[in-house]
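Coordinate analysis (summary)
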Amino acid sequence: MPFKRYVEIGRVALVNYGKDYGKLVVIVDVVDQNRALVDAPDMVRSQINFKRLSLTDFKIDIHRIPKKKKLIEALEAADVKNKWENSSWGRKLIVQKRRASLNDFDRFKIMLTKIKRAGLINQELAKLKKVEAVS
C-alpha cells in the first residue's frame, strides 16, 4: 500500500503534543523541513514542528497562506469537521475524552453494567452448552 498522506498545503492534521493537543489544524505553508505554518478557525496561526502533527486523510483546496475567512469557507465547504467526527480515528478520540471525563461513580456504574452483561452472556452460553450436550 503506497504512502498517501503527504505534507502539503491544505492537508488537515491533528496536533498530538503541546498546548493545542487534540485540535484539527490545516497546513497553510511549509516553513522548512521540520516546521509548518498551521491555522484553524479557533486558534492563532502559528508554526508547529512536524513531530507534533499527525497527518489525516483529509485535504482541502486552498492557496498558500490564505486569509482566515477563506480558510474557514474552505473547511466548511469540504465538511472536514463532520468527516472527522464520523471517521474511526475521530470517534476513538471522542470516546477517550468521554471516558477521561467520567467520575468515580460513573465508572462504578459502568463496572456493574459490565458484570450484569457478562452474567447474561454466561447464562445463554450455559443454555446452549446444555442443549448441545443433550443432542
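Described below are features of the structure shown in this document. As the structure is a prediction and not an experimental result, all values here were calculated from the model. Per-chain numbering applies: the sequence of each chain, read as written, is numbered from 1 onward. It should be noted that, the model being predicted, local features are given only for residues of pLDDT at least 70 and side-chain atom pairs only at 80 or more, the latter also being counted only at that level, while totals for whole chains, interfaces and linings use all residues. No hydrogens and no water enter the side-chain calculation; it runs on all heavy atoms of the structure.

What follows concerns a positive patch on the surface. Nonpolar side chains (Val, Leu, Ile, Met, Phe, Trp, Tyr) within 5 Å and like charges within 9 Å form the patches, drawn only from residues with over 30% relative accessible area and no salt bridge. Methods summary: accessible areas were calculated by the Shrake-Rupley approach with a probe of 1.4 Å, and residue burial reflects only the protein chains presented. Only one rule defines a salt bridge in this text: a Lys or Arg side-chain nitrogen within 4 Å of an Asp or Glu carboxyl oxygen. Neither His nor the chain termini are counted; the positive set is Lys and Arg, and the negative set is Asp and Glu. Charge positions are represented by NZ for Lys, CZ for Arg, CG for Asp and CD for Glu. Together, R98, R99, K114 and R117 line one region of the surface with positive charge. Only DSSP runs of H or I reaching four residues or more are called helices, and only runs of E reaching two or more are called strands; each is numbered from the N terminus. At the level of elements, α3 (88-100) and α4 (104-134) are the ones that each hand at least two residues to the positive patch. As for its position among the elements, R98 is in helix α3.

Topologically, I60 is positioned in the loop between β5 (53-59) and α1 (68-78). Residues I60 and K4, 56 residues apart in the sequence, show an inter-C-alpha distance of 15 Å. By the convention used here, residues are in contact when the closest approach between their heavy atoms is within 4.5 Å. Not counting residues up to four positions away in its chain, the partners in contact with I60 are I9, G10, V12, V26, L71, A74, L75, A78 and V80.

What follows deals with the packing of aromatic side chains. Two rings belonging to Phe, Tyr or Trp (six-membered ring only in the last case) form a pair when the distance between their centres is within 6.5 Å. Interplanar angles under 30 degrees mark stacking, angles over 60 mark edge-to-face geometry, and anything in between is tilted. Tallying each qualifying case throughout the model produces 3 aromatic pairs. Between F3 and Y6 the ring centres are 5.4 Å apart and the planes differ by 80°, which places this aromatic pair in the edge-to-face class. With a 1.4 Å probe rolled over the protein chains alone, any residue whose accessible area is under 20% of its type maximum counts as buried; one over 50% counts as exposed, and the rest are partly exposed. Since its relative accessible area comes to 55%, F3 is described here as exposed.

A word on the layout of surface pockets. A probe matching the size of a water molecule, rolled over the atoms, marks out where space remains unfilled. Counted as a void, the largest pocket has a volume near 660 Å³. In terms of lining, the largest pocket is formed by 28 residues, of which the most central are G22, K23, L24, K81 and W84. Among the secondary structure elements, those contributing two or more residues to the lining of the largest pocket are β1 (11-15), β2 (24-30), α1, α2 (80-86) and α3. Considering every element that reaches the lining of the largest pocket, the biggest residue donor is α3, with 6 residues. Within the lining of the largest pocket, the residues separate by chemical class into 16 nonpolar, 5 polar and 7 charged. The way it works is a 1 Å grid over only the protein atoms, where trapped points that fit a 1.4 Å probe form a cavity and open points with protein on both sides within 12 Å along at least five of seven lines form a pocket, and then any residue with an atom within 4 Å of a point lines it. Grid points are joined across faces, edges and corners, and a volume is the space filled by probe spheres set on the points. When residues are sorted by character, Ala, Val, Leu, Ile, Met, Phe, Trp, Tyr, Cys and Pro go into the nonpolar class, Asp, Glu, Lys and Arg into the charged class, and all the rest, Gly among them, into the polar class.

In terms of burial, β1 is a largely internal element, 5 of the 5 residues being buried. A two-sided burial pattern is seen for β1, the buried positions comprising R11, A13 and V15 on one face and V12 and L14 on the other. For two strands to be treated as a pair, DSSP must find at least two bridges joining them. Sheet topology places β1 next to β5; 4 bridges connect them, and they run antiparallel. Within β5, the residue paired with R11 across the bridge is K59. Sheet topology note: the β1/β2 ladder contains 3 bridges and is antiparallel.

The sheet built from 5 strands is open, its strands ordered β4-β3-β2-β1-β5 with antiparallel pairing. Strand pairing shows two members of the sheet lacking a second neighbour, β4 (43-49) and β5, which therefore form its edges. Averaged over all adjacent pairs, the angle separating strand axes in this sheet is 40°, with direction ignored. Where strand β3 (residues 35-40) meets β4, 5 bridges bridge the pair, whose relative direction is antiparallel. When the bridges of β4 are listed, R35 appears paired with N49. Orientation is described by axes fitted as lines to C-alpha atoms, over the contacting stretch for helices, and by angles from 0 to 180 degrees between their N-to-C directions. Set on the sheet, α1 makes contact with β2, β3 and β4; between it and β3 the angle comes to about 75°.

Function cannot be read off these values alone, since they describe shape.
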